[in-house]
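Chains, contacts and geometry: an overview
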Amino acid sequence: MSSTPDTRRSQLPRDLPLVLIADGHDDTRELYEFALPSYGFRTIVVEDGTQVVERASESKPDIIVTEIYLPQHDGWSVVEQLKRDARTRDIPVVVLTGYTAASVRERASSEGCAALLMKPYLPEELARALRELLNGAA
């Protein structure tokens, strides 16, 4: 893992929805970073919980996708911080994880997450789910 913050951003038109993606696995971040623009999304990808909170406050993404288990701060801590902050509390948060326990679904609901999606999740499925969430929020 690099010590340099991973804050790559796709360079697409600004009127496309901006998705902040947080996952501790390089391959997962890269998959979504390169695939989602072909479905009409701009992306910011980060690798740890601290970066999620910082980048969400700075860039005001339209939606955030986070894994539960992240370096630095776990996804639950990230969701709690985002929901407490007036600058980010209204940004929909999607938890995308491989953990299938019923407690994960219950916690996602109680934390105010817009959705809980279970890995593996193909990029086109994620794009469809994000579009539905964003259209429902409009």
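Presented here is an overview of the structure given in this document.

**Considering the sheet that holds strand β3 (residues 63-66)**
Sheet strands pair via backbone hydrogen bonds, and the direction of the pair is either parallel or antiparallel. The 5 strands are arranged β2-β1-β3-β4-β5 in an open sheet whose pairing can be described as parallel. Two strands close off the open sheet at either side, each with one partner strand: β2 (42-46) and β5 (115-118). For this sheet the average axis-to-axis angle between neighbouring strands, irrespective of direction, equals 20°. Bridge count for strand β1 (residues 18-22) against β3 is 4 bridges, and the pairing is parallel. Considered in β3, the bridge of I21 is made with V65.

**So, unusual backbone geometry**
For the bond running from K119 to P120, omega is 0°, close enough to zero to count as cis. The topology assignment puts P120 in the loop between β5 and α5 (123-137). For K60, which is not glycine, the phi torsion reads 50° and is therefore positive. In this structure, K60 sits in the loop between α2 (49-59) and β3. Residue K60 is classed as partly exposed on the basis of its relative accessible area of 42%. The backbone of Q72 shows a phi angle near 75°, a positive value even though the residue is not glycine. Residue placement: Q72 occurs in the loop between β3 and α3 (75-84).

**What about the nonpolar core?**
By size, the foremost hydrophobic cluster in this structure holds 22 residues, and its most contacted members are L20, V52, I64, W76, L82 and C113. Contributing elements (two or more residues each) for this core: β1, β2, α2, α3, β4 (93-97) and α4 (102-110). With 4 residues, the top contributor of residues to this core is α3. Here C113 is in contact with W76, V79, V93, V95 and A108, once residues within four sequence places are set aside. Within the second largest apolar cluster, 17 residues are counted, among which are V45, A129, L130 and L134.

**Some details on the packing of α2 against α3**
Orientation of α2 relative to α3, taken along the N-to-C sense of each, is 20°, at an axis distance of 9 Å. Relative to α3, the element α2 is oriented roughly parallel. The interaxial crossing formed by α2 with α3 has right-handed handedness. Residues G49, V52, V53 and A56 of α2 form the contact with α3, whose own contacting residues are V78, Q81 and L82. Each residue belonging to the contact of α2 with α3 can be placed in one class, and the counts come to 5 nonpolar, 2 polar and no charged.

**Quick notes on the packing of aromatic side chains**
Given two aromatic rings, one states the distance between the centres and the angle between the planes to describe the pair. Considering all chains together, one arrives at 1 aromatic pair under this definition. Ring centres of Y69 and Y99 lie 4.5 Å apart, and the angle between their planes is 65°; this geometry places the pair in the edge-to-face category. Of the two residues, Y69 sits in the loop between β3 and α3 while Y99 sits in the loop between β4 and α4, which places them 30 residues apart along the sequence.

Reading the values: rules and limits
Residues numbered from 1 in each chain as written. Predicted model: local features only at pLDDT ≥ 70, side-chain atom pairs only at ≥ 80, totals over all residues. Heavy atoms only, no water. Pairing = 2+ DSSP bridges. Helix = DSSP H or I, 4+ residues; strand = E, 2+ residues; numbered from the N terminus. Axes fitted to C-alpha atoms, helices over the stretch in contact; angles between N-to-C directions. Buried < 20%, exposed > 50% of the residue type's maximum accessible area, 1.4 Å probe, protein only. Core = buried A, V, L, I, M, F, W, Y, C linked by side-chain atoms within 4.5 Å. Contact = heavy atoms within 4.5 Å. Parallel < 35°, antiparallel > 145°, perpendicular 65-115°, else oblique. Left-handed = near helix turned anticlockwise from the far one by under 90°. Nonpolar A, V, L, I, M, F, W, Y, C, P; charged D, E, K, R; others polar. Phe/Tyr/Trp six-rings, centres within 6.5 Å; stacked < 30°, edge-to-face > 60°.

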